[in-house]
Structure formats: C-alpha cells, structure tokens
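Coordinates in review
For reference, the chains in residue letters:
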Amino acid sequence: TFSGFFGSFRQNFSIQDYVFRVARYTRCSESAFVAALVYLQRVIDFNSKVKITNYSVHRLYMTAVVVAAKYLDDQVYGNDYYALVGGM
C-alpha cells in the first residue's frame, strides 16, 4: 500500500510554494522535475487506489523528485538533505 505517503498533518504551504522550495534548495535539473511528474502519473495509472490528497501530495512529489534526480542528475544530495528540504 501507499499508506506511508499519507502524513498525519498537512504542510502549511501550498504545493506551488513547495515546488519552488524543492527547486531552489535541491538544484535538480529540469529533466528531473519533468520525470518526477511522469513517475507520479505512472503510479496513479498503475494503482487506482493511490489518491493524491493534501495529506500525501508533498511526500509523493518529493519522493518522485528524489528518485528522478538520483537517476538523471550527476550531482545529488544525500537522503537526509532531501528530507530536510521536504520537511519530512
């Protein structure tokens, strides 16, 4: 299941602000951000039980960005840094 992606609280900022924060502090490539959106769409298409809500959107997005960056980018940070940036 995807229950690990559902937080017990909502982030205090919009997804738009969150995306800007992730872009600013992770310095991922544009390709990584595009791939992250593709990954999210594939997860949703593959499993209809996955619902993106205010309680899961930030975690799902950050996870997709990290996977995409580690696959596509030459210079990446450690998981602890991504968790700090993502507020997890």
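As a starting point, this report considers the structure included with it.

**As for helix α4 (residues 79-86)**
Regarding α4, the residues found buried are Tyr82, Val85 and Gly86. Taken around the axis of α4, the buried residues stretch over an arc of 95°, which confines them to a single face. Looking at α4, the residues exposed on the side facing more than 90 degrees away from the buried face are Asp80 and Leu84. If you follow the buried residues of α4, they end up packed against α1 (15-26) and α3 (57-72).

**Topic: the packing of aromatic side chains**
Inspection of the entire model under this criterion finds 5 aromatic pairs. Each ring, one from Tyr18 and one from Tyr61, has its centre 6.5 Å from the other, and the planes form 65°; the classification is edge-to-face. Here Tyr18 is found in helix α1, whereas its partner Tyr61 is found in helix α3, with 43 residues between them in sequence. Tyr61 carries the same exposure label as Tyr18, and that label is buried. Look at Tyr77 and Tyr82: their rings are 6.0 Å apart centre to centre, the planes differ by 80°, and that puts the pair in the edge-to-face class. Looking at Tyr77, the relative accessible area reads 31%, which means it is partly exposed. By way of ring pairs, the aromatic residues Phe13, Tyr18 and Tyr61 are connected into one cluster.

About the thresholds
- Residues numbered from 1 in each chain as written.
- Predicted model: local features only at pLDDT ≥ 70, side-chain atom pairs only at ≥ 80, totals over all residues.
- Heavy atoms only, no water.
- Buried < 20%, exposed > 50% of the residue type's maximum accessible area, 1.4 Å probe, protein only.
- Helix = DSSP H or I, 4+ residues; strand = E, 2+ residues; numbered from the N terminus.
- Arc of directions from axis to C-beta.
- Contact = heavy atoms within 4.5 Å.
- Phe/Tyr/Trp six-rings, centres within 6.5 Å; stacked < 30°, edge-to-face > 60°.

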